[in-house]
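Tertiary structure, described
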Amino acid sequence: MELINTFFNGEILLRSFPILLRGLQNTILLGCVSIIFGSLAGLFICLMRLYGPRPVRLIAIFYIDVFRALPILVILILIYYALPFLGIRFSSFTSAALALSLVLAAFTAEVCRAGIENIPRGQFEAAEALGLPFWIALRKIILPQAIKVVIPPITSNCVSVYKDTALASVVAMPDLLKQATDAQAMMANPTPLIGAAIIYLAFLWPLVRLVSFLEERSKKQQTA
């Protein structure tokens, strides 16, 4: 009974639920913003990595390597706590969104590169023979095929972004984890943290199953 009253206290869970829902709204908003900007930036970096001039390609490779190697927490702390010394100050939400977007862009760039390089080179040559400009051939012929290949890993990366939004609590952004921590301190009981874990599971488990479904469908299409 002591375990239940401490970690699974129904009364405290009900009292903290509105607070957790406010945190969930911020978590979803942060995840959506990070995914949109990170995915678009990742595709742009991928194209620069593959088809830009040599200096641009080297910069893109350096960016991808650095931001795939650095932990998101380190990047977030540098953005929120170090940049103000240079006169650049962001809110906690902007700092978290920027950190998540920068890292997602690096991983998305590599996923997109693998997808594009998976398309036979002969399709570029065929498009060139038909008189299609390179960028039109890329947009209308190559990218639509590459998207089918990269959707499963990109979806997996998006799930990771939503999990990593919990790091925003480090810079006092009122995301789900921060709200749960505050509710725990206010009510002197860890039940709100269990409530946050349940909400994370209910929100992310369908996305995890979606990733598995997309991976299975992609395998079937490749073997068909």
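**Remarks on the environment of Ala196**
For Ala196, the location among the structural elements is in helix α9 (residues 191-223). In this structure Ala196 comes out as buried when scored by relative accessible area, which is 2%. Note: C-alpha distance between Ala196 and Leu24 (172 residues apart in sequence) is 8.7 Å. With residues near it in sequence (within four places) discarded, Ala196 still touches Leu20, Leu176 and Ala180.

**Description of empty space enclosed by the protein**
Taken as a whole and judged by the stated rule, the model has one cavity of 30 Å³ or more. Its volume calculated, the largest cavity comes out at about 40 Å³. If you trace the largest cavity, you find it lined by Leu30, Ile72, Leu76, Ala96, Ala99, Leu100, Asp164, Thr165, Leu167 and Ala168. Those elements giving two or more residues to the lining of the largest cavity turn out to be α4 (72-82) and α5 (92-117). Counting residues per element, the lining of the largest cavity draws most heavily on α5, which supplies three residues. Residues belonging to the lining of the largest cavity are distributed by class as follows: eight nonpolar, one polar and one charged.

What counts as what
Residues numbered from 1 in each chain as written. Predicted model: local features only at pLDDT ≥ 70, side-chain atom pairs only at ≥ 80, totals over all residues. Heavy atoms only, no water. Helix = DSSP H or I, 4+ residues; strand = E, 2+ residues; numbered from the N terminus. Buried < 20%, exposed > 50% of the residue type's maximum accessible area, 1.4 Å probe, protein only. Contact = heavy atoms within 4.5 Å. 1 Å grid on protein atoms, 1.4 Å probe; cavity = no way out; pocket = protein on both sides within 12 Å on 5 of 7 lines; lining within 4 Å. Points joined across faces, edges and corners; volume = space filled by probe spheres on them. Nonpolar A, V, L, I, M, F, W, Y, C, P; charged D, E, K, R; others polar.

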